[in-house]
Amino acid sequence: MSTGPGGVTSTQDQEGVDPRRWKALSVCLVAGFMTLLDVSIVNVALPAIRAGLDAPQSALQWVVSGYALTFGLVLVPAGRFGDMYGRRNAFVFGVVLFTLASAAAGVAGDPVLLVVARLVQGLAGGVINPQVSGLIQQLFRGAERGRAFGMLGTVIGISTAIGPLLGGLLINLGGGTDGWRLVFYVNVPIGVLAVVLAYRYIRPAAKESRPRESMDPVGVLLLAAGVVLVLLPLVEGHEWEASARWPSLLGGLVVLVVFAAWERRYGRRHQPVVDLSLFRRRSYALGALVGALYFAGFTAIFFVLTLYLQNGLGYSPLEAGLATTPFAAGSAVTSLFGGRIVTRLGRPLVVAGLVLVAVSLAVTALAVRLVPGAHVAWAVAVPLLLAGLGSGLVISPNQTLTLSEVPVAGAGSAGGVLQTGQRIGTAVGIAAIGSVFFAEVASSHGDYATAFRHSLLVTIAFVLVALVVAVVDVVASRRAARS
């Protein structure tokens, strides 16, 4: 007998389930939290990094979006690697690499080295996260698996939102021009502890009975090339001439079309890096699109807000981090039960969350316009709290619904593809919204309030498009139920 979260008693230990599974899950969630936290924790450090390293704006955008890009690119192949060669070994390798890259980022003496370290951090984070979802499937059964995935959803929702506050606290603690380095150094002891505990609590799985297949290197390279070609003109938009942007975008789209054709052909005889048949399932295809669009807007909120507060209003990193706390608090509250009630309410719950986020962000933009700059953090506290409450009803419930009709045998690959879309959405959103923000700052000669409002409108647009997709799924589901 064993007792899981909430005091629920289970007899699964008698059926051969690992009795250390909850401790193993804790190790996985800590490592996952660390990697997802790094998506947003550096936002409040950007002004300090710019001053300390004399970094240009393009480098600052790469510090943020480069991490999300490399993170997303390796999720699917890393998930397959863990399935083929052992998830614990892949998990430990990812944590070690992430720890070393964090240390390198902390000692970086120029922007180029910092960007390279962030790219490696992203690669390592992309190795870790599919092992977390794979290990949950390996360690848990039945209702316990649902609770474990619910905890993972909570980690996803809270980690990104709470990053600016933790970043501000660390910079305040470090002080001076080098306080930003603690944002990266903090990962080192956590990573070392995670490696030690992983070997103690995560038991290696039995060897797979199926033959090991190719990692589909052609598919991996095509996917990487296509996404980079699409993303580059967005990240470097204010640096590139207009005539140079379109060839890269069009070239990226062509490569992605070739990638899809290759995967379809390769999948006839082998296991492709992306199983395109997943997208024939309406709930999966539309849910993945909702996730990518929402993450494109959701993550960028903290990027532009912290730049506005610090660069435009002179807030300290800690003050800027505190200003984002209402969103994190709201997200934490609804993330805890959003995954539990979604099985009863379905996609309408996600629709309600998206509506609340969009309306709350619109009120945030209005508050910035009406309230004087010195008091803007107080003015946006309530709408950001409401936006956080809505966000908690989107992330975990959408993930649950998106994977609900996927066969268990393909759940690991499907989860990797889903997370890849979210990470690429994050990179695209930060690049696009950041470009609008910086362009407005330049054209208005330093009007950060207007730049923030305009970039917030782009954020709302991403959320509204996600809302349209979610409504389409609701309507299609009801028609299917009637027929």
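For the structure given in this document, a descriptive report is provided here. As the structure is a prediction and not an experimental result, all values here were calculated from the model. (Residues numbered from 1 in each chain as written. Predicted model: local features only at pLDDT ≥ 70, side-chain atom pairs only at ≥ 80, totals over all residues. Heavy atoms only, no water.)

1. So, the overall build of the protein chain
What counts here: Strands here mean DSSP runs of E at least two residues long; helices mean DSSP runs of H or I at least four residues long; both are numbered from the N terminus. Here the term buried applies to any residue with accessible area under 20% of the maximum for its type, exposed to any over 50%, and partly exposed to those in between, with areas from a 1.4 Å probe on protein chains only. What sets the accessible areas is the Shrake-Rupley method with a 1.4 Å probe; for residues, cover comes only from the shown protein chains.
Scanning the protein chain from N- to C-terminus turns up 19 helices and two strands. Across the 483 residues in the protein chain, those meeting the buried criterion constitute 56%. Looking at the protein chain as shown, the accessible area adds up to about 19500 Å², and 67% of this sits on carbon and sulfur atoms.

2. Regarding the packing of helix 14 (residues 347-370) against helix 19 (residues 448-482)
Heads up, the condition is: The convention used is that axes are lines fitted to C-alpha atoms, helices contributing only their stretch in contact, and that angles between N-to-C directions extend from 0 to 180 degrees. By definition in this entry, angles of less than 35 degrees are roughly parallel, angles greater than 145 are roughly antiparallel, angles of 65 to 115 are roughly perpendicular, and the rest are oblique. The hand of a helix crossing depends on one turn: near helix anticlockwise from the far one by less than a right angle means left-handed, and clockwise means right-handed.
Between helix 14 and helix 19, whose axes approach to 9 Å, the crossing angle comes to 165°. The angle between helix 14 and helix 19 places the two elements in the roughly antiparallel class. When the axes of helix 14 and helix 19 are compared, the crossing they make is left-handed.

3. Focus: the packing of aromatic side chains
Note the following rule: Centres within 6.5 Å are what make two rings of Phe, Tyr or Trp a pair, Trp counting through its six-membered ring; a difference in plane orientation under 30 degrees is then read as stacked, over 60 as edge-to-face, and the rest as tilted.
One pass over the structure, following the stated rule, counts 11 aromatic pairs. Aromatic pair Phe437 and Tyr448: ring centres 6.0 Å apart, planes at 55°, arrangement tilted. Taken together, the positions of Phe437 in helix 18 (residues 411-443) and Tyr448 in helix 19 put the pair 11 residues apart, joining distant regions of the chain. Put simply, the rings of Tyr294, Phe295, Phe298 and Phe327 touch in pairs and so form one group of aromatic residues.

4. What to know about the nonpolar core
The criterion, for reference: In this description, a nonpolar core means a group of buried Ala, Val, Leu, Ile, Met, Phe, Trp, Tyr and Cys residues linked to one another through side-chain atoms lying within 4.5 Å. We call two residues contacting when some pair of their heavy atoms lies within 4.5 Å.
Residues Phe91, Leu114, Tyr294, Tyr308, Leu354 and Phe437 are the most contacted members of the largest nonpolar core, which totals 138 residues. Per element, the largest residue contribution to this core is 18 residues, and it comes from helix 11 (residues 282-312). Once residues within four sequence positions are removed from consideration, Tyr294 is found in contact with Phe327, Leu354, Val357, Ser391, Val394, Ile395, Val463 and Ala466.

5. So, the packing of helix 11 against helix 14
One way to put it is that helix 11 packs onto helix 14 with a least axis distance of 13 Å and a crossing angle of 20°. Classified by the angle between their axes, helix 11 and helix 14 sit roughly parallel to one another. The hand of the helix 11/helix 14 crossing is left-handed. Residues Ser283, Gly287, Val290, Tyr294, Ile301 and Tyr308 of helix 11 form the contact with helix 14, whose own contacting residues are Arg347, Val350, Leu354, Val357, Leu361 and Val368.

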